[in-house]
Amino acid sequence: MNVLLFGSGGREHALAWKLRESQLVEELYCAPGNVGIAQVAECIPADLADPRAMLEVAQQVKAPLTLVGPELPLVAGVVDEFERAGLTIIGPPRASAQLEGSKAFAKRFMERHRIPTARFEVAEDFEAAVHALDAFGPQVVIKADGLAAGKGVALAATHEEAVASLDAMMRQKTLGPAGERVVMEERLAGEEISFIILTDGKSVAPLAPSQDHKAAFDGDLGPNTGGMGAYSDDSIISPRLQEQILRTIVGPTLSGLAAEALPYHGFLYFGLMLTAEGPKVLEYNVRLGDPETQPTLMRMRTDLVELLQALAEGRLGGLPVHWSPNPSVCVVLASKGYPGKPDTGKAITGFDVAESLGGVKVFHAGTVFDDGRLLTAGGRVLDVTATAENLPAAIERVYAAAGKIHFEGMHYRRDIGAKGLRRLRPGGSAPSLGTNPRGAHL
Ligand SMILES: Nc1ncnc2c1ncn2[C@@H]1O[C@H](COP(=O)(O)OP(=O)(O)O)[C@@H](O)[C@H]1O
Ligand SMILES: [Mg+2]
């Protein structure tokens with residue numbers, strides 16, 4: 001069978017790598033793809049903001065199965081477009097993708113279905129927003145309603161900071177239309193985890209749990225980023241906690257979608273805060289996380305195409321998903337300047353040496369090939385990912401590989417997986433680090 005994948009980041013490179021492993025795949029296509037994906041798939045140009053053009057790509061390559069990596073095309077309605085044409089695509093239709101496309105929609109949805117989440121207010125204009133701040137302490141979280149590529153959330157420390165963020169979003173419109181409406185919410189304390197499921201709206205296949213590292217610097221300091229690394233290890237979620245998440249969050253979300261006649265099939269990501277009162281939803285994403293996908297897929301033993309086919313045919317419920325018991329860790333190598341404007345065009349050395357180490361795979365996130373040389377081309381450049389028989393060994397391995405790679409201005413966090421190590425200590429559950437103390441996005 002021919003398979004088509006949309007996207008161009010490290011997440012999609014990991015997906016392409018996993019899809020390529022499948023015996024069921026004949027031709028693998030990716031649009032637009034990247035340097036790493038081009039080694040395992042045929043890359044085709046595509047505009048991911050244009051569902052019609054994406055449909056034309058699928059028709060051109062005759063792909064009976066299409067998978068979408070990023071959120072933008074899902075929110076723009078690519079699934080609706082494919083379904084009208086009778087083509088199978090994995091992902092939610094536009095109406096259901098609002099769970100990610102509008103934070104106000106998501107919060108009101110959670111309120112309607114009594115899904116645990118931070119207390120909130122929605123405001124449509126600056127004056128109303130400033131007025132609504134009174135309902136919160138100075139430590140309020142301000143979120144642009146629409147898609148903002150990870151730049152739409154400000155964790156204010158003072159009333160003045162909160163007002164400045166509202167002013168930037170609502171009056172200066174620094175995020176464009178995405179910031180015209182805002183959600184303000186209570187600041188939650190606790191440890192953050194990523195819980196991702198594959199679902200057809202009825203059955204649920206949870207993926208192995210993972211934990212992202214949002215802040216730019218070690219110890220969860222500095223500005224928030226798209227993600228500086230992630231690891232996947234069964235110890236992140238105890239069976240009891242998983243049961244609680246399924247019962248109090250996943251179940252009510254799926255029954256809420258069904259009750260509102262919002263069809264859903266595809267990946268659904270729950271960004272969770274483990275608070276003293278139990279797990280609460282920070283946000284939904286209607287797709288896989290980047291970089292959580294990289295270490296998670298490294299542990300997946302089930303054929304991904306078989307799984308997606310079962311999903312498309314409504315057979316997900318009967319299919320066991322197998323995972324390697326071995327943990328995996330992904331470290332993002334970032335450019336100087338990231339998460340601000342990155343320096344690009346720097347020569348990358350040591351890639352092959354890093355990849356030749358056993359148990360290591362290096363995914364491309366922002367690179368180009370130029371005249372036979374591999375150059376940096378974005379903020380997040382490479383995602384070094386490694387697996388080993390236990391977490392300390394996986395961490396050692398991933399940093400040994402990262403140490404082989406070099407480009408001017410390269411920076412990366414040295415503490416990816418450290419929360420997992422603390423959990424492994426006798427009597428150790430990971431301490432509540434709280435959220436990033438200085439992590440305003442704006
Ligand atoms: N209510 C909250 N309390 C504390 N931290 C929060 C809260 N909401 C969001 N955050 C922090 O901000 C980050 C980004 O928020 P999120 O809702 O995931 O938006 P996005 O991923 O679209 O930027 C989260 O990963 C979390 O670290
Ligand atoms: Mg998020």
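Residues numbered from 1 in each chain as written. Chains lettered and ligands numbered in written order. Predicted model: local features only at pLDDT ≥ 70, side-chain atom pairs only at ≥ 80, totals over all residues.

Regarding the overall build of the chain
Along the backbone of the chain there are 14 helices and 22 strands. Its C-alpha radius of gyration of 21 Å places the chain within 12% of the 22 Å reference for a compact globule of 442 residues. The principal-axis extent of the C-alpha atoms belonging to the chain is close to 55 × 50 × 45 Å. Out of the 442 residues belonging to the chain, those deemed buried represent 51%. By sequence separation, contacts in the chain at least 24 residues apart represent 69% of the contacts at least 6 residues apart. (Helix = DSSP H or I, 4+ residues; strand = E, 2+ residues; numbered from the N terminus. Rg over C-alpha atoms; globule rule 2.2 N^0.38 Å. Buried ≥ 20, exposed ≤ 12 C-beta atoms within 10 Å, placed from the backbone. Contact = placed C-beta atoms within 7 Å.)

Quick look at the nonpolar core
Nonpolar side chains in soluble globular proteins tend to be buried together. Of all hydrophobic cores here, the largest spans 129 residues; its most connected members are L5, V182, V331, L333 and V384. A per-element tally of this core places strand β16 (residues 266-275) first, with seven residues. With residues up to four places along the chain from it excluded, the contact list for V331 reads G229, V384, V398, Y399, A402, Y412, R413 and I416. (Core = buried A, V, L, I, M, F, W, Y, C linked by C-beta atoms within 7 Å.)

Notes on the domain arrangement of the chain
Examined at the domain level, the chain breaks down into domain 1 (3-91), domain 2 (119-186) and domain 3 (191-424). With 26 residues of domain 1 in contact, the opposing surface of domain 3 contributes 29 residues. Of all the secondary structure elements, the ones that give two or more residues to the side of domain 1 that touches domain 3 are α1 (10-20), β4 (65-68), α3 (71-76) and β5 (88-90). The element that contributes the greatest number of residues to the side of domain 1 that touches domain 3 is α1, accounting for eight residues. A class-by-class count of the residues in the side of domain 1 that touches domain 3 yields 14 nonpolar, nine polar and three charged. (Domains from an automatic or database assignment. Nonpolar A, V, L, I, M, F, W, Y, C, P; charged D, E, K, R; others polar.)

Focus: the pairing of strand β17 (residues 278-285)
The buried fraction of β17 is high, at six of eight residues. Taking the residues between adjacent antiparallel strands as the criterion, β16 and β17 are bridged by two residues. (Pairing = 2+ DSSP bridges.)

Describing the pairing of β16
With respect to burial, β16 is a largely interior element, eight of its ten residues being buried. Pairing of β16 with β17, which is carried by seven bridges, proceeds in the antiparallel orientation. Bridging across to β17, G271 finds its partner in E283.

Focus: unusual backbone geometry
Of note, the amide linkage connecting A31 to P32 takes the cis form, showing an omega dihedral of -5°. Looking at where P32 falls in the secondary structure, it is placed in strand β2 (residues 28-32). In this structure, the amide linkage connecting Y338 to the following residue, P339, adopts the cis form with an omega of 10°. Inspection of the secondary structure assignment puts P339 in the loop between β18 (328-334) and α12 (351-356). Positive phi outside glycine occurs at R114, with the angle close to 55°. With respect to the helices, strands and loops of the structure, R114 is situated in the loop between α6 (103-112) and β6 (120-123). Overall, the presence of 10 C-beta atoms within 10 Å leaves R114 in the exposed class.

Comments concerning the sheet that holds β4
Strand order in the open sheet formed by five strands is β3-β2-β1-β4-β5, with parallel pairing between adjacent strands. Of all strands in the sheet, those bounded by a partner on one side alone are β3 (42-43) and β5. In the sheet, strand β1 (residues 3-7) pairs with β2 via five bridges, with the strands oriented parallel. The residue of β2 that forms the bridge with V3 is L28. Sitting on the sheet, α1 touches β1, β2 and β4, and the angle it makes with β1 is about 170°. (Axes fitted to C-alpha atoms, helices over the stretch in contact; angles between N-to-C directions.)

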